[in-house]
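Coordinate inspection notes
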Amino acid sequence: MTFQQALDYLDAHASYEKTGRIESPTIDRMRTLVDACLKHGTVPIVTTIPPKSGSLEKSKQFADSVRKLARELKVPLIDYQAEILKRRPEDWDGRLANFKEFEKNVYDVPTLIAGDGVHPSNPGKFKDYGEDGLKTNGYVLRNYLTLNAYADVIRHVLASTNR
């Protein structure tokens with residue numbers, strides 16, 4: 001996610017509140033950024049935002065718009081949100097009552113979204129890339145997905161141009 005995408009997400013919330021849907025200017029700015037990358041020979045890897053505590057449906061709608069954009073422009077997609085919800089469908093949110101003991105260090109919560117309800121978690125006990133780390137540490141999961149997407153770009157895009 002770019003900084004601009006994060007700002008667009010905030011704009012999207014405002015448009016959603018007014019109209020009940022994500023307005024297209026939010027995605028249009030992302031399209032402009034992706035087009036510029038492609039025009040200059042860069043393969044952008046687009047990523048969905050994580051689910052947001054208290055705004056799951058809004059964040060799902062924004063992620064759907066990002067998925068559609070990636071399909072339309074035929075660029076790689078890291079579906080971070082879908083992976084979080086697949087791995088922790090009921091307790092991805094570090095703000096849930098069962099994680100209250102982690103209030104002093106919101107990033108140490110043993111689920112995928114930190115206790116602030118927005119950012120990936122980073123519990124010290126789960127820094128490895130095994131199954132426990134991938135379902136308990138939001139940064140580990142994001143890094144894993146990013147490295148796999150990058151490897152796919154190398155295999156399918158860069159390798160084919162060197163033949």
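Let me begin by describing the structure that accompanies this report. Computed from a predicted structure; not experimentally measured.

1. Examining the environment of Arg 31
Tracing the chain through its elements places Arg 31 in helix H2 (residues 24-39). Residue classification places Arg 31 among the partly exposed residues on the basis of a relative accessible area of 22%. Through-space distance from the C-alpha of Arg 31 to that of Ala 70 is 9.0 Å; in sequence the pair is 39 residues apart. When neighbours within four sequence positions are excluded, Arg 31 is seen to be in contact with Leu 69, Glu 72 and Leu 73.

2. Here's the deal with the nonpolar core
In this structure, Ile 78, Tyr 80, Ile 84, Leu 85, Trp 92, Leu 112, Ile 113, Leu 134, Val 140, Leu 141, Leu 145 and Ala 149 together form the largest nonpolar core, which totals 12 residues. Taken together, the elements giving at least two residues each to this core come down to helix H4 (80-87) and helix H6 (138-161). No other element matches H6, which puts four residues into this core. Not counting residues within four places of it along the chain, the set of residues in contact with Ala 149 comprises Ile 45 and Ile 78.

Rules used throughout
Residues numbered from 1 in each chain as written. Predicted model: local features only at pLDDT ≥ 70, side-chain atom pairs only at ≥ 80, totals over all residues. Heavy atoms only, no water. Helix = DSSP H or I, 4+ residues; strand = E, 2+ residues; numbered from the N terminus. Buried < 20%, exposed > 50% of the residue type's maximum accessible area, 1.4 Å probe, protein only. Contact = heavy atoms within 4.5 Å. Core = buried A, V, L, I, M, F, W, Y, C linked by side-chain atoms within 4.5 Å.

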